[in-house]
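Secondary and tertiary structure notes
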Amino acid sequence: MIELIQFPWSPFCIVQRRILEFSGAKFKIINIPNGDRTLVWRLTKQRYYQVPVIRDGKAVIFEVGEDSQVVAKYLDTKLKLGLFPWELEGVQSIIWRYIEGQIEDIGFRLNDIYWKEMVPTSDRLGFVRHKERKFGRGCLDQWRRQQKEMLVQLDQRLVPFEEMLMRKPFLLDQRPRFVDFDLYGMLGDFLYSGHYRFPAAHTRLRDWYQRMHRVRLEATAGKK
Ligand SMILES: N[C@@H](CCC(=O)N[C@@H](CS)C(=O)NCC(=O)O)C(=O)O
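Residues numbered from 1 in each chain as written. Predicted model: local features only at pLDDT ≥ 70, side-chain atom pairs only at ≥ 80, totals over all residues.

1. Digging into the overall build of the chain
Heads up, the condition is: Runs of H or I in DSSP of at least four residues are treated as helices and runs of E of at least two as strands, each being numbered from the N terminus. Exposed residues have 12 or fewer other C-beta atoms within 10 Å of their own C-beta, buried residues have 20 or more, and partly exposed residues fall in between, where C-beta atoms are placed from the backbone. For the purpose of contact definition, each residue receives a C-beta atom placed from its backbone, and two residues are in contact when these atoms lie within 7 Å.
Scanning the chain for helices and strands turns up 11 helices and 4 strands. Projected onto its principal axes, the C-alpha coordinates of the chain cover approximately 50 × 45 × 25 Å. Per-residue burial over the chain gives 32% buried out of 224 residues. Put simply, of all contacts in the chain between residues at least 6 apart along the chain, 70% involve residues at least 24 apart.

2. Regarding the sheet that holds strand β4 (residues 59-61)
Backbone hydrogen bonds hold the strands of a sheet together, and the pairing may be parallel or antiparallel. Put simply, the test is: Here the rule is simple: two strands pair whenever DSSP picks up at least two bridges between them. Think of each axis as a best-fit line through the C-alpha atoms, taken over the contacting stretch in the case of a helix, with angles from 0 to 180 degrees between the N-to-C directions.
Read from one edge to the other, the open sheet built from 4 strands follows the order β2-β1-β3-β4, with strand pairing classed as mixed. Both outer strands of the open sheet, β2 (27-31) and β4, are each paired with one neighbouring strand and no more. Going across the sheet, the axis of each strand differs from the next one's by a mean of 20°, ignoring polarity. Here helix α1 (residues 11-23) sits on the sheet and contacts β1 (2-6), β2 and β3 (53-56); the angle it forms with β1, its principal contact strand, is near 160°.

3. What about the site of the ligand?
Rules: We call a residue near a molecule or strand when its C-beta atom, built from the backbone, sits within 6 Å of it. As a working rule, the residues Ala, Val, Leu, Ile, Met, Phe, Trp, Tyr, Cys and Pro are called nonpolar, Asp, Glu, Lys and Arg charged, and the rest polar, with Gly in that last group.
Close to the ligand lie Ser 10, Pro 11, Phe 12, Tyr 49, Gln 50, Val 51, Pro 52, Glu 63 and Glu 66. Residues belonging to the shell around the ligand are distributed by class as follows: 5 nonpolar, 2 polar and 2 charged.

4. Focus: the nonpolar core
Where we set the bar: Each nonpolar core reported here comprises buried Ala, Val, Leu, Ile, Met, Phe, Trp, Tyr and Cys residues connected via C-beta atoms within 7 Å. An automatic or database domain assignment supplies the residue ranges for each domain.
Residues Val 15, Ile 19, Val 53, Ala 72 and Leu 183 are the most contacted members of the largest nonpolar core, which totals 44 residues. Of all elements in the fold, only β1, α1, β3, α3 (70-79), α4 (89-112), α10 (178-190) and α11 (203-214) reach the threshold of two or more residues within this core. For this core, the element with the most residues is α10, which contributes 8 residues. For this core, the two domains that each supply at least three residues are domain 1 (2-79) and domain 2 (86-215). Setting aside chain neighbours within four positions, we find Val 53 in contact with Ile 5, Val 40, Leu 43, Thr 44, Tyr 48, Val 60, Ile 61 and Phe 62.

5. Side note on the domain arrangement of the chain
Per the domain assignment, the segments making up the chain are domain 1 (2-79) and domain 2 (86-215). Put simply, the middle of domain 1 and the middle of domain 2, counted by C-alpha atoms, are 19 Å apart. Each side of the interface is counted separately: domain 1 has 15 residues, and domain 2 has 20 residues. Counted by class, the side of domain 1 that touches domain 2 contains 9 nonpolar, 4 polar and 2 charged residues.

6. Quick look at the packing of α4 against helix α8 (residues 147-157)
Angle between the axes and distance between the axes: these two values describe a pair of packed helices. Inclusion rule: Should an angle lie under 35 degrees it is considered roughly parallel, over 145 roughly antiparallel, and from 65 to 115 roughly perpendicular; all remaining angles are considered oblique. For any helix crossing, the convention is left-handed if the near helix is rotated counterclockwise from the far helix by under a right angle, and right-handed if that rotation is clockwise.
One way to put it is that α4 packs onto α8 with a least axis distance of 10 Å and a crossing angle of 150°. Regarding the angle of α4 to α8, the classification is roughly antiparallel. Considering only the axes of α4 and α8, their crossing is left-handed. Seen from α4, the contacting residues are Gln 102, Ile 103, Ile 106, Gly 107, Arg 109 and Leu 110; seen from α8, they are Gln 147, Met 150, Leu 151, Gln 153, Leu 154 and Arg 157. In terms of residue class, the contact of α4 with α8 is made up of 6 nonpolar, 4 polar and 2 charged.

7. Some thoughts on the pairing of β3
Where β1 and β3 come together, 4 bridges link them in antiparallel fashion. In the strand pairing of β3, Ile 5 is matched with Val 53. With 3 bridges connecting them, β3 and β4 associate as antiparallel partners. Each residue of the ladder has a partner; that of Arg 55, found in β4, is Val 60.

8. Considerations on α4
Put simply, the test is: In this analysis, the expected span of each helix is defined as 1.5 Å times one less than the number of residues it contains. To get the bend at a given residue, fit one axis to the seven residues ending there, fit another to the seven starting there, and take the angle between those axes.
Counted at 1.5 Å a residue, the expected span for α4 with its 24 residues is 34 Å, and the 32 Å between its end C-alpha atoms agrees. Approximately 45° is the largest bend angle found in α4, and it occurs at Glu 104. Considered for burial, the residues of α4 that qualify are Gln 92, Ile 95, Ile 99, Glu 100, Ile 103, Glu 104, Ile 106, Gly 107, Arg 109, Leu 110, Asn 111 and Asp 112. Check the buried side of α4 and you find it contacts α1, α5 (115-118), α6 (121-135), α7 (139-145), α8 and α10.

9. Some details on the packing of α1 against α10
Contact pair α1 / α10: the axes reach a minimum separation of 7 Å and the direction vectors enclose 130°. As judged from the angle between their axes, α1 and α10 are oblique. When you trace α1 past α10, the crossing you get is right-handed. Taking contact as the criterion, the partners of Pro 11, Phe 12, Ile 14, Val 15, Arg 18 and Ile 19 in α1 are, on α10, Phe 181, Asp 182, Tyr 184, Gly 185, Met 186, Gly 188 and Asp 189. For the contact of α1 with α10, a count of residues per class yields 8 nonpolar, 2 polar and 3 charged.

Structure (structure tokens):
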């Protein structure tokens, strides 16, 4: 059975989790503490420490670069999901860079403001150290002070997606493609703490998010 090694609020893990749910395949979730990557380190033979990682029998799948989509492409091929059709290849690459850059960057900061509600006491030192080493001393408090402006910025950065949904149920097609799952993951992280509502101005996107929450491969048969 496929195993997903993850922690629950990670945007990139939510992407793969939803893809697996969408597929209808049986899979198992293995949650690791944010601050203890021992399992990942061991499984990847000391080549990777991030999440998500997929274990599928003897195969261990993980990203090889900042812009690789090794995990999603593996699941797509193995489970025949149709998430990366050739005719959308270049377009999706441009869009997922925007999603994983512009949207993820604000979404995770807004969620991290509530880090104490997510991170168990035993993991807090490692969490704060990791964040501060990467984003500077006091970054978590700084994000709290910038919360209002960041929410406005997120709203603005989501406008293109609201526009993409004007005439289609999914971002590029009549059925979801990889970028739908990618955006779903970044927004899933933003909404994880439960302190935010879906941005009110984006009504089509809100309906799309609900659709993405439930959509199943078997229901997309024959849809282009
Ligand atoms: N491009 C990678 C990014 C993965 C990533 O940034 N994972 C984060 C969790 S959301 C992580 O493990 N960060 C811990 C670290 O870098 O030490 C992907 O798509 O999977």
